[in-house]
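A look at the structure
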Amino acid sequence: MAESDVREYPFGTLVTAMVTPFTEEGEVDYLKTAELADKLVQDGCDGLVVTGTTGETSTLTDAENEAMFRTVVEAVGGRAKVIAGSTTNDTRHSISLSRRAAAVGVDGLLITAPYYNKPSQAGVQAHIETIASAIGLPVMVYDIPGRAGISIETDTLIRLAEHPLVVALKDAKADYGETTRVLANTDLDVYSGDDGLTLPLMAAGAVGVVSVTAHVATRQFRELVDAALAGDFATARRLHFELDPVIRAVMTHVQGAVAAKQVLKWQGVLPNSVVRLPLVEPSEAELAPIRADLTEAGWTLEALNAR
């Protein structure tokens, strides 16, 4: 694909939902954060979500969240889009934290449905639109009913798409039919929020993926997304099959941040796999299937260290 044919996407096309590195003592490691952000961008990411679910945002203080936003903006700003996971189930708190994110120069916001308190669809819409209007940055809506406890219904997404700042959807609903309706009835840039559904969603018109597994297989995801955008689905399908056991390793045995940090440690990218409670590091029994999946993908410890 010629460079002139590449459309400019407000959030990029390969977006990694970044982990938050910690020291052995459990403090945020901002030096490793900057190094990880730089590595991901050098390897092919054109967008990064900072302190989303994978970034363990719920166990970070507002000051730590703000410092994470600043660290990543300073590390890769201008080379990749920086998207702040700056929203909670409290609209006023979300606005306050999002203002702090905007002040340090992030490019946009990732806004989830309010979790735990289970508002109506009218409440979901008002929550998202109120935050977007208060901050004035482009918004990627995040539909993940498995974590939020509620879906953002398709009709709600269609209405949200009329807001000038709501420009994208991270779709982790795993309902292909409903995603098709969104694609057919809005101009939203849709991103797969499930790593394993990147290919089928892009075949239907999604523009890329917001990925956890891309931490550890960035170049392969870059190739898959580029092939799908170019309409080269033979190449995209081959890469989809190659990535399948890697995605299983990261996404199916333990929580994604836990697995991603473990593999990044094996790769030598992070010095440890420390997470904050209530997350815990994987047990030996949990590590076994992760190793087995990576072995199926043809990865050895030596290969991991070379990636």
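These numbers were taken from a predicted model, which means no experiment stands behind them.

What about the pattern of salt bridges?
- For the coordinates displayed, the defined rule picks out 18 salt bridges.
- Where R219 meets D43, a salt bridge forms, and the shortest distance between an N and an O atom there is 2.8 Å. In this pair, R219 sits in helix α9 (residues 218–229) while D43 sits in the loop between α1 (30–42) and β2 (47–50), placing the two residues 176 residues apart along the sequence.
- Classification of D43 as buried rests on a relative accessible area of 12%.
- The shortest N-O distance in the salt bridge between D143 and K173 comes to 3.0 Å. Separated by 30 residues along the polypeptide, D143 in strand β5 (residues 139–143) and K173 in the loop between β6 (166–171) and α7 (176–185) bring together distant segments of the chain. Judged on exposure class, the residue D143 and its partner K173 are both buried.
- A network of salt bridges, in which partner residues are shared, links D244, R248, D293 and E296.

Description of the UniProt feature "site: Part of a proton relay during catalysis" (unreviewed entry) in the protein
- This chain's UniProt record puts "site: Part of a proton relay during catalysis" (unreviewed entry) on T53 and Y116.
- Along the chain, T53 turns up in the loop between β2 and α2 (62–76).
- Residue contacts for T53: discarding those within four places in its chain leaves Y142, R147 and Q255.
- Inspection of the secondary structure assignment puts Y116 in the loop between β4 (108–112) and α4 (121–135).
- We classify Y116 as exposed; its relative accessible area is 76%.
- Not counting chain neighbours up to four residues away, the residues in contact with Y116 comprise N89 and A148.

Notes on the pairing of β5
- For β5, a buried count of 5 out of 5 residues is recorded, marking the element as mostly surrounded by other parts of the structure.
- Burial along β5 is two-sided: the residues V139, V141 and D143 and M140 and Y142 are all buried.
- In this sheet, β5 lies alongside β4 in parallel orientation, the contact comprising 4 bridges. When the sheet's bridge partners are listed, L109 is paired in β5 with V139.
- Handedness of the crossover joining β4 and β5 through α4 is recorded here as right-handed.
- One ladder, built from 5 bridges, connects β5 with β6; its direction is parallel. Following the sheet pairing, V141 is matched in β6 by L169.

Reading guide: rules and limits
- Residues numbered from 1 in each chain as written.
- Predicted model: local features only at pLDDT ≥ 70, side-chain atom pairs only at ≥ 80, totals over all residues.
- Heavy atoms only, no water.
- Salt bridge = Lys/Arg side-chain N within 4 Å of Asp/Glu carboxyl O.
- Helix = DSSP H or I, 4+ residues; strand = E, 2+ residues; numbered from the N terminus.
- Buried < 20%, exposed > 50% of the residue type's maximum accessible area, 1.4 Å probe, protein only.
- UniProt positions renumbered as here; feature names shortened; annotations may be inferred.
- Contact = heavy atoms within 4.5 Å.
- Pairing = 2+ DSSP bridges.
- Right-handed = clockwise from strand over helix to strand, strands pointing away.

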